[in-house]
Structure formats: structure tokens, C-alpha cells
Amino acid sequence: MEFDALMLSRIQFAFTVAFHIIFPAFTIGLASWLAALEFNWLRTGNPLYRNLFRFWVKVFAVSFGLGVVSGIVMSYQFGTNWSRYSEFTGNVLGPLIAYEVFTAFFLEAAFLGIMLFGWERVGDRLHFFATCMVALGTLLSAFWILSANSWMQTPAGYAIENGKAVPVDWFSIIFNPSFPYRYAHMVMGCYLTTAFAVAGMSAWMLLRHPHDAPEAKLAGSRRSMSMALWFATIFVPIQIVIGDLHGLGVLEYQPTKLAAIEGNWETQANMPLRLFAIPDEEAETNHYEIAIPKIGSWILTHAYDGVVPGLKDVPRDERPPVWPVFFSFRIMVAIGFAMLGIGLWSVYLRWKGTLFTNRTFLTATMIMTPSGFGAVLFGWFTAEIGRQPYVVYGLLRTADAVSPVSAGAVTASLATFVVVYAFVFGFGSYYLAKLLRRGPDPVEDIRGDDLGKKPKRPFSVPDEGLEGRPGHKPQPAE
Amino acid sequence: MFGFGTEYEGLAFWLPLVWAGLIAVAVAMYVIVDGFDLGVGILFKSAHNENWRDRMMFSVAPIWDGNETWLILGGGGLFAVFHIAYAVLMPALYVPIIMMLIALIFRGVAFEFRFKAERSKFLWDNAFFFGSLVATFSQGVVLGAFVQGFANDGRQFTGGTWDFLTPFSMLTGISLIFGYGLLGATWCVMKTTGELEIWARRMAIRFLVGTILAMALVSAWVPFLERQIEARWFSWPNIAFLAPIPLITAYTAYRLFRDLEEGRHYRPFFLAIGLFLLGYLGLGVSLFPYNVPPNLTVWHTANTVNSQLFALIGFGIAMPMTFAYTAYAYYVFRGKVAEEIQGGGYGYH
């Protein structure tokens, strides 16, 4: 492996995009979650929901801010490090990115201010509208960026002129073959990420209090956890089905990626389902394979003797690195089934009436807090490494996409990003932990009408400094 | 237009012009709106106490995110319609752009983290100040490098990593600090009261003097960077049309100075914007129709007609709405920030 500008740019892009995706994956779900909480508050007038909104909006604000600043980096990095890619794809993907800015970023940003700071100024209804617009903005943003990514996986609606892709049919470009499945799979993945984060954080808050703590103290965390787990119970199975449909698309449009996912070297009918193996790219075979006969073919083609393409169908320089794809996919699937298990377990405990008191379950749910992030990341590793050596599948190799920048410049920028992101992420996690330690406000402390008088400043309340005792007022300097 | 782009016809001629205008507006929007909140950051360190800093930060907290979105529109817009310009400019400006991005990260998270912190608050005070300062300087450097021009083969950048680094680009970097500082100070005049407002007036005058000196220096330097620009300004009849630009600039600066002295609240901010727009206009006159100086025109770097048209439809539908709800967001947070940030309140009057 040579650490030239290409390799360094790849590492930098992988690092910055993996860091970035954590935050949208969380905030796409959180925005809708906040809209649901506020809707319930307006519908029922139960202050429990308002307190929950006020609590989770702080978590949202921290995550959203990190998502914005790490996202700006992405929108410039296409050019700074991948200018030949920009030249090749600009005619097609440029407008899609612009649509994301037009329709999503401005919408989110303008209404975010009102959602965070403006409740007192605009009243309940407009505030709820603002929350919904933020949620809509996150979904629109995902729409355009996933459309662009999907086009790079399954290009459609284009022609090649002067060595560049030019648009022919915008509908085919936007709704390219892998887009509908990818969008459904990713949005659902984001929702489940949020569901497990909310459930896990709530479980942690419940575990910190004894069973017999005042009801008012526990009600918020209980309601959050219960709502999140209902969502997970219903939608994890649906997500598994969407994932399966997405996989059928990969078989059709990106057979080499699929072969890497399956660790399948020879094109064959009756392909086994490989649960574990160590793929060996040199010898073009697997070691220590543990597999169930025929099931692989059945899952992919819905027939036991279905033919599944093998890696040896294409020359070595057309193949992606096999083991990262093979393992990333398995980790993602394993997390998905662990989520399914939590969902089923929660139904059983609800039936027994011990959902909030079974400490083994609460601990397991707490451990699952980052599970969605893991599934999203490993899913993307599968998708992005699996399409190598191409950046635009079949059209442009990653090696031909890089900018004419020096290895020294990229080394410096990569090192800076790593240090800065670690610093910022560290502090973000620290403040988030502080927020969680405090938890939602107890219900009994809230007067019926105080919301109008006490506007919420989710991340900027001077007298709610997180490092002090609750209610401790910092003294102004001088 | 003006004898340029004559080899292009119909939409292939007009669309790049329309888009050049729209992106120029987007960049101007960015420079104005993020200019003042970066400017608030530049003044941040010299504010006398915690309460001042709180109020300064509060004055921009609900809107800074929307302001920064114009930067994405600038970058995204170039990629969207002038993809060759994007492909040439970004690698050429690698160092200042990465510097700017990193600085914006620190500054952006400072908004979120500062009020969460007590013992670590100084960290985010510094992150906000240095982030704003470095981001502004980097943008000024980008501007200077842009005016200087870039080595290219018509498709890709062919120069070196440090080509951007010249005395001229350092000057524009420092100039922009004065300029954004002026915008930030006049914003504070408009949005704050009492001692803080009086202090902001004093700072505004200092930054105004700096801005005027910087504009004079840059203006004196620019025409001689390249013969084309010199010829454009000083040939007849251009000079007759263009002479008013420096004259109006001088008058605006004078009016701004008087307004600050006379205790006006709103007009200084808008005059400062006017000053920026005049400088921007002067730059536009110097560079048009090149969006990759010295040799690539808006027509050369543009996407296909189909691609530009599709982007234009989206722009035409979405951007009027964007202007409307952005204006509404500003309207919601109108007025001056309260002096006492009490009860966790946002504390607008």
C-alpha cells in the first residue's frame, strides 16, 4: 500500500464521511421523534411530553451542530480531493447536490433557530410547524444525497460525452435503480438508530435510579423507552425485509459487490450461506468456512438452485477488497438480528409487566445504545468498499478520480481532521453524557403555564451549566 | 456580452450568465450574513466581560446556521453549474479551504458547547474567537488567490500547493478581518444596548478605518496584478462609468462614520453592507467574465445546457421560498438582545 495523494485522500474521505454520517443518522430520526413528542404534547396537554421534548431537543441540538460542521467539509471535499471525479460527474451530480441545498439545508437551518430559540416568540402552533419543517428538511436532505450516492452505484439516465457523464433523463438519474431501496433502507436505519439510542439512553437513566424512586423522576425515561421500543419492535422486521429487497438489487446491478459480500469465488447454483469464513484474495478461496448448504442461493434468488455470480467472473483488478466487505456485511446483519431480539424480548416483558424493572433487559438495552450507529456504519462500509475499484460503478475508477494535490498537503489535512474530530467528538460526548446524567425534568416541577415564560435554550442556557449543580447560577465575570 | 462568449449561442450563452449572476448573489449573501456573525466572533475576545460575550453570542445564535448555509450554496452551486470551475479551484485552494473548514468546525461547535460548559467555557470562547478569525482570514486569502488567478489546462489545476500564498493574498486575508469585523461591530450596534453598544460603536469606527485602508491598498494593487484589469478600469469610456464606484464608496464610508458618531442604531449596519457590496462590484468589474482567472470564462466552465436548466428550475422554485422563510426567521428574532440574560431566557426585548 502506497501512501500517495490517492490513498491518503481515500482515507481522509472515509474518515470524514464516517464521522459525519453518525450525526445525520441520529438527527434524521431525532427530528421526527421530536415532532412526535411535540404533537403528543399539543394533543394531550400532558406536560410529560413537553419535558421530554425539552430534554431531547438538547440532545438534538448538539448532534445537529456536529452534523452541520462536518457536513460542510463534505461539500468541499468533492472538489479539494476529488476534482477529476467532480469534472466527470459534475453535470449529473452537481444539480442533485444543489437541490439538497435549495430544498433541505435552508429549510432545516431557518426553522432550526425557531425550533430551538423561538417557542416563546412564535407560539405553540408555529413552533410545532417549525419542528415539522426541520424533520422534513432532514428527510429531503437524505433524499437528494442518497439519490446522488445511488447514481454512483447504479448510474442511469446519462450519456458519455468528451469523457464526461452528461444528463439525458433526470427522472432516471434521480430514481436510479438502487435509489428507492437505499433511501428506504437508510431512512429506516436512521429511525432505528434513534430508537435504540433513545431506548438505550433511557434505560441507562432508569438504571441509575432505584425502582422506588419517585414516579415523577422516572416517568419521562419510561415513556421515552417505551415509545422507542414499540417503534423498534414494529420496524426492525420491516427493515430486515427492505434490506433483503436491497440485496436483490445488488445481485442484479452490482454482481461483483454481491460476490464479495457472500465471499463467493465461483459462480454457482446451490450457494451455501456462509456464516463465517476468512476470505483469501491471493488463493481466491475461503478458509475456516462455516456454511449452511443452499440457503445462500435461496435468500438471494428465492430458489435453492439459484445461480449466484462469483468473484472469479471478473479479473482481479475489477474486484473490491473481499474481507472488509464480507465482514462489514455480517456485522451489520448481526446487529440487525440483535435488534430484533431486543424488540421481541420487550414485547414479552410488557406482557409480564416488568419492562421497566427487569435489570438484565435494561442493561441489554443500554448496551444496544450505539447499535444503530454500528449498523449504519458497517452497512455503508459494505456499500462503499463493495463498489471498489470504482467510484462511479463501471464508469470511473477511484484511482482516476483524485485531485492533482500533493501527498504532503493531504497528509497534513488528514492529520488535522483526525485530531480536531477526536477533540470535538470527545467534548460532544462529554456534554451529552452530562445531559443524560441530569435527564428530563421531573414532571411535578413544571407549572402548567411556565413554558411561555421560560423559553428553552437547549444548548445555551447559562444558568443550566452542565458542570455545576442543577440550578447553580454562574457569576458574571467582573 | 461586452464582446465575450461570442462563440456561444442561445441558452448556451445566456444560462451561464444567469447562473454567474445568481452565484454572485449567493456569494454576496454569504459574505454579508456570515460576515457579520464571523465579525461578532472576531470582536469576541476583546469584549469586556462574560455578560457581553453572552449577549453577542445570543444575537447570532438563532441564525448563524442559516447564514453558513450560503457557503454550502456557494460551493455546491459551483459544483452544480460550473463544475469545471469547482474542479480547478478547489485543489488550487486546498490549504486555505481546509483551514477555513477546520476553523468553522471550532466556531460552529462553540455555539453548542459554550453554554454547556462552566469550567471549560474558556475553551469555547477561544474556539469561537480563533475559529472566526482563521475562517475569515482563509476566506480573504481565497479571495486574493482568486484575483491572482490559477494555472490550469482548461480542465484541471496544474499549479502547486503553495501558489496561493503571496503578499497580495495575505493582504486580502487581513483586509477581510477588518471588513467582517466592521460588519460584526455594526451588527452589535444594532442588536445590543448600553455599555456594550457604546463599545461596539468605538470598535466599529476602528474597524472602519482599517477597512478603508485595506480597500485602498487592495484597489491600488489589483489593477496592476494583470494588464487586463488595468486596461478595463483606466481605458475610455470605461473610466467614465467606473469612476463613480470609488466615489460612492468614499461617501458611504463617510456617512457610516457620521452615523456611528451620531448614535444611529440600524443604518450603520446597512451602510457597512453597502460598503461590502461596492467592493464586491469593483471586483466583479475587474474579473468578469472569468470565474477561473485568468483564462476560464463562465461559458467554458459551465455544465451542459440541460444540467444548468434543471438546476435553474430547482433554484427558481425553491429559492423564493428560502428567502421568505429566512426573512421570517430574522423577523422572529428582531430587536435588541436583553442586557440581563436571566432565567435561561433568550431575553430579547
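Treat the numbers as computed from the prediction; the structure is a model and nothing was measured.

K.L.:
Even after reading the chapter, I still don't get the overall build of chain A, so can you show me in this structure?
P.N.:
Within chain A, the secondary structure is distributed over 14 helices and six strands. For 478 residues, the compact-globule estimate of 2.2 N^0.38 gives 23 Å, and the C-alpha radius of gyration of chain A, at 24 Å, lies within 12% of that figure. Each of the three principal axes of chain A carries a C-alpha extent, and together these read 70 × 50 × 40 Å. Counting all 478 residues of chain A, 53% fall into the buried class. Sequence-distant contacts, at least 24 apart, represent 75% of the contacts inside chain A between residues at least 6 apart.

K.L.:
Mind showing me how you'd approach the overall build of chain B here?
P.N.:
Along chain B, the regular secondary structure elements total 14 helices and two strands. Taking 349 residues into account, the globule formula puts the C-alpha radius of gyration at 20 Å, and chain B, at 21 Å, falls close to it. Judged by the C-alpha coordinates and their principal axes, chain B covers about 65 × 40 × 40 Å. Burial statistics for chain B: of 349 residues in total, 54% are counted as buried. Across chain B, the fraction of contacts at a sequence separation of at least 24, relative to all contacts at a separation of at least 6, is 74%.

K.L.:
Honestly, the interface of chain A and chain B in this entry has me stumped. Any pointers?
P.N.:
Interfaces are often sized by the amount of accessible area the parts lose when they come together. Counting residues at the interface gives 72 residues for chain A, matched by 70 residues for chain B. At the level of elements, α2 (47–81), α3 (83–117), α4 (119–153), β2 (164–167) and α13 (407–438) of chain A are the ones that each hand at least two residues to the side of chain A that touches chain B. It is α3 of chain A that provides the largest number of residues to the side of chain A that touches chain B, a total of 23 residues. Looking at the side of chain A that touches chain B residue by residue, the class counts come to 42 nonpolar, 19 polar and 11 charged.

K.L.:
Would you take a moment to explain unusual backbone geometry for this structure?
P.N.:
Only a minority of non-glycine residues have a phi that is not negative, and only a minority of peptide bonds are not trans. Residue and element names in this part refer to chain B. Going from F288 to P289, the amide bond is cis rather than trans, its omega being 0°. Within the secondary structure, P289 is located in the loop between α12 (267–287) and β1 (290–292). Cis geometry marks the peptide bond from P293 to P294, where omega comes out at 5°. One can find P294 in the loop between β1 and β2 (296–297).

K.L.:
Just to check I follow, could you spell out the nonpolar core for this structure?
P.N.:
Looking at soluble globular proteins, one finds that nonpolar side chains tend to be buried together. Within the largest apolar cluster, 256 residues are counted, with the highest numbers of intra-cluster contacts made by L34, W56 and A232 of chain A together with V88 and L101 of chain B. The leading source of residues in this core is α3 of chain A, at 22 residues. If sequence neighbours within four positions are ignored, A232 of chain A has contacts with L192, A195, F196, A199, M339, I342 and G343 of chain A.

K.L.:
Which parts of the structure should I look at to understand the pairing of strand β1 (residues 158–161) of chain A?
P.N.:
The two faces of the sheet receive side chains in turn, since in a regular strand these alternate between them. All names here are of chain A. One ladder, built from four bridges, connects β1 with β2; its direction is antiparallel. Counterpart to I160 in the pairing with β2 is A165. Here β1 folds back onto β2, and the loop between the two strands holds two residues, one of which, N162, carries a positive phi near 50°.

K.L.:
Is there a simple way to explain helix α14 (residues 305–332) of chain B in this structure?
P.N.:
Every α-helical turn comprises 3.6 residues, leaving residues that sit three or four positions apart pointing alike. The terminal C-alpha atoms of α14 of chain B lie 40 Å apart, and with 28 residues this matches the ideal 40 Å at 1.5 Å per residue to within 8%. Restricting attention to buried positions, one finds in α14 of chain B the residues S307, Q308, F310, A311, F315, T322, T326 and A329 of chain B. Of the surrounding secondary structure, the elements contacted by the buried residues of α14 of chain B are α3, β2 and α5 (170–174) of chain A together with α1 (11–44) and α3 (64–81) of chain B.

K.L.:
Would you explain the environment of V392 of chain A in this entry?
P.N.:
All names here are of chain A. When you line up the elements, V392 lands in strand β5 (residues 390–392). Under the C-beta neighbour-count criterion, V392 is labelled buried, with 22 such atoms within 10 Å. Taking the C-alpha atoms as reference points, V392 and V241, separated by 151 residues in sequence, lie 27 Å from one another. If we ignore the near neighbours within four places in the chain, the residues touching V392 are F88, T89, M152 and P155.

K.L.:
What am I meant to see in the packing of α1 of chain B against helix α6 (residues 121–148) of chain B here?
P.N.:
Each packed pair of helices is defined by two parameters, the angle between the axes and the distance between the axes. Residue and element names in this part refer to chain B. Contact geometry for α1 and α6: axes closest at 8 Å, N-to-C directions at 125°. Viewed along their axes, α1 and α6 adopt a mutual orientation that is oblique. Here α1 runs over α6; the crossing is left-handed. Between α1 and α6, the residues in contact are L38, G41, I42 and F44 and D125, F128, F129, G131, S132, L133, A135 and T136, respectively. A class-by-class count of the residues in the contact of α1 with α6 yields seven nonpolar, four polar and one charged.

Cut-offs applied
- Residues numbered from 1 in each chain as written.
- Chains lettered and ligands numbered in written order.
- Predicted model: local features only at pLDDT ≥ 70, side-chain atom pairs only at ≥ 80, totals over all residues.
- Helix = DSSP H or I, 4+ residues; strand = E, 2+ residues; numbered from the N terminus.
- Rg over C-alpha atoms; globule rule 2.2 N^0.38 Å.
- Buried ≥ 20, exposed ≤ 12 C-beta atoms within 10 Å, placed from the backbone.
- Contact = placed C-beta atoms within 7 Å.
- Nonpolar A, V, L, I, M, F, W, Y, C, P; charged D, E, K, R; others polar.
- Core = buried A, V, L, I, M, F, W, Y, C linked by C-beta atoms within 7 Å.
- Pairing = 2+ DSSP bridges.
- Expected span 1.5 Å × (residues − 1).
- Axes fitted to C-alpha atoms, helices over the stretch in contact; angles between N-to-C directions.
- Parallel < 35°, antiparallel > 145°, perpendicular 65-115°, else oblique.
- Left-handed = near helix turned anticlockwise from the far one by under 90°.

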